[in-house]
Amino acid sequence: MNYEIDNLDKQILSLLMLDVMRPYTDIAKELGVSGGTIHVRMKKLTEMGVVKGAHLLVNPSAVGFDICAFIGVFLEKGSEYKETVEKMREIPEIVELHYTTGSYSMFAKIICRDTNHLRRVLNEKLQPIEGVQRTETLISLEESINRQIIID
């Protein structure tokens, strides 16, 4: 669905995407509008589904999670997708899951403490799920880019 958002909405979003903790009053001053205008616009953008929420970002390494891996999941049958997703929701180490085209049926991003933890997640949690035929694991050596889209 394509939403009609104006230039002020785009400016508000751009500023908040840089610093979600920034007070609405500061944004209002910078944009030359009232704080109430920012509040009303954000409420509208949230109701429209443009804004999905605000999140606190934690550095996984700072809390002992040093392995980021991407798992290509092959399903026995595509029709098992929904049931498999529900089982995968129960694995807290899976932080993202995508239904994909190409070689894999699904592609997951998981965060683990170390390689032993990764092995346990794969062998004891993910691979035993009914419908999972096999997996392929890619370990990330470094996250080079992590950003939001640019709203122009």
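Sequence positions are assigned chain by chain, starting from 1 and proceeding in written order. Local features in this predicted model are restricted to residues whose pLDDT is 70 or higher, and side-chain atom pairs enter the listing and the counts only when it is 80 or higher, whereas totals over whole chains, interfaces and linings include all residues. As a rule here, side-chain values come from all non-hydrogen atoms in the structure, and water together with hydrogens is ignored.

### Focus: the packing of aromatic side chains
Inference 1: Each Phe, Tyr or Trp ring (for Trp, its six-membered ring) is paired with any other whose centre lies within 6.5 Å, and the angle between the two planes then decides the class: stacked below 30 degrees, edge-to-face above 60, tilted in between. Per the stated rule, a full pass over the model turns up 4 aromatic pairs.
Inference 2: Pairing Phe74 with Tyr104 gives two aromatic rings, centres 5.2 Å apart and planes at 70 degrees, and the pair type is edge-to-face. Linking Phe74 in strand β1 (residues 67–75) with Tyr104 in the loop between β2 (94–99) and β3 (106–112), this pair joins segments that are 30 residues apart in sequence. Each member of the pair, Phe74 as well as Tyr104, carries the same accessibility label: buried. Helix numbers and strand numbers start at the N terminus; a helix is a DSSP run of H or I with at least 4 residues, a strand a run of E with at least 2. Only protein chains enter the accessibility calculation, which uses a 1.4 Å probe; a residue whose area is less than 20% of its type maximum is buried, one above 50% is exposed, and one in between is partly exposed.

### As for the pattern of salt bridges
Inference 1: Definition used for salt bridges: Asp or Glu carboxyl oxygen within 4 Å of a side-chain nitrogen of Lys or Arg. Summed over all chains, the structure comprises 9 salt bridges.
Inference 2: Residues Arg41 and Asp6 are paired through a salt bridge, measuring 2.8 Å at the closest nitrogen-oxygen approach. With Arg41 in helix α3 (residues 35–47) and Asp6 in the segment before α1 (7–18), this residue pair connects regions lying 35 residues apart in the sequence.
Inference 3: Judged by its relative accessible area of 19%, Arg41 falls in the buried class.
Inference 4: Under the relative-accessibility criterion, Asp6 is labelled partly exposed at 33%.
Inference 5: With its nearest N and O atoms 3.0 Å apart, the salt bridge here joins Glu93 to Lys125.

### Notes on the UniProt feature "domain: HTH asnC-type" (unreviewed entry) in the protein
Inference 1: Within the UniProt annotation, "domain: HTH asnC-type" (unreviewed entry) is assigned to residues 5–66.
Inference 2: Span residues 5–66 is 53% helix and 0% strand, its end C-alpha atoms 40 Å apart. UniProt positions are given in the numbering used here, feature names are shortened, and annotations may be inferred rather than shown by experiment.

### What to know about the environment of Ile27
Inference 1: Along the chain, Ile27 falls in helix α2 (residues 24–31).
Inference 2: For Ile27, a relative accessible area of 0% puts it in the buried group.
Inference 3: Linking Ile27 and Ile38, residues 11 residues apart in sequence, is a C-alpha distance of 7.6 Å.
Inference 4: Contacts are residue-level and defined by heavy atoms, with any inter-residue pair within 4.5 Å sufficient. The residues touching Ile27, leaving out its near neighbours within four places in the chain, are Leu15, Leu16, Arg22 and Ile38.

### Some points on helix α5 (residues 115–126)
Inference 1: Where α5 is concerned, the buried positions are His117, Leu118, Val121, Leu122 and Leu126. Angularly, the buried residues of α5 cover 135 degrees about the axis, an arc narrow enough to put them on a single face.
Inference 2: Where the residues of α5 are buried, they touch β1, α4 (81–88), β3 and β4 (132–139).
Inference 3: Identification of polar contacts relies on pairs of N or O atoms within 3.5 Å, with a donor-acceptor requirement for protein atoms, meaning one able to donate a hydrogen and the other able to accept it, and with residues adjacent in sequence counted only if both atoms are side-chain atoms. Residue Asp114 occupies the N-cap position of α5, its side-chain oxygen lying 3.1 Å from the main-chain nitrogen of Asn116. Each direction from the helix axis to a C-beta atom contributes to the arc, which is the arc of those directions.

### Describing the side chain of Thr135
Inference 1: Within the secondary structure, Thr135 sits in strand β4.
Inference 2: Taking the relative accessible area as the measure of exposure, Thr135 reaches 15% and is therefore buried.
Inference 3: In this structure the side chain of Thr135 is engaged in a polar contact, spanning 2.8 Å, whose partner is the side chain of Gln127.
Inference 4: Ignoring sequence-local partners within four residues, the contact set of Thr135 consists of Ile71, Gly72, Val73, Leu122, Leu126 and Gln127.

### Quick look at the pairing of β1
Inference 1: Here β1 lies mainly inside the structure; 8 of its 9 residues are buried.
Inference 2: One requirement defines pairing of two strands: DSSP has to find at least two bridges between them. In the sheet, β1 pairs with β3 via 7 bridges, with the strands oriented antiparallel. Bridge pairing in β3 places Ile71 opposite Ala108.
Inference 3: Sheet analysis places β1 next to β4, joined by 7 bridges and oriented antiparallel.

### Observations concerning the sheet that holds β2
For sheets, the rule is that strands pair by backbone hydrogen bonds, running either parallel or antiparallel.
Inference 1: Within the open sheet, the 4 strands sit side by side as β2-β3-β1-β4. Their pairing is antiparallel. A single partner strand is all that each edge strand has here, and the edge strands are β2 and β4. Geometrically, the sheet is characterised by an average inter-axis angle of 20 degrees between neighbouring strands, direction not taken into account. Lines fitted to C-alpha atoms define the axes here, with helix axes fitted over just the stretch in contact, and angles between the N-to-C directions of these axes take values from 0 to 180 degrees.

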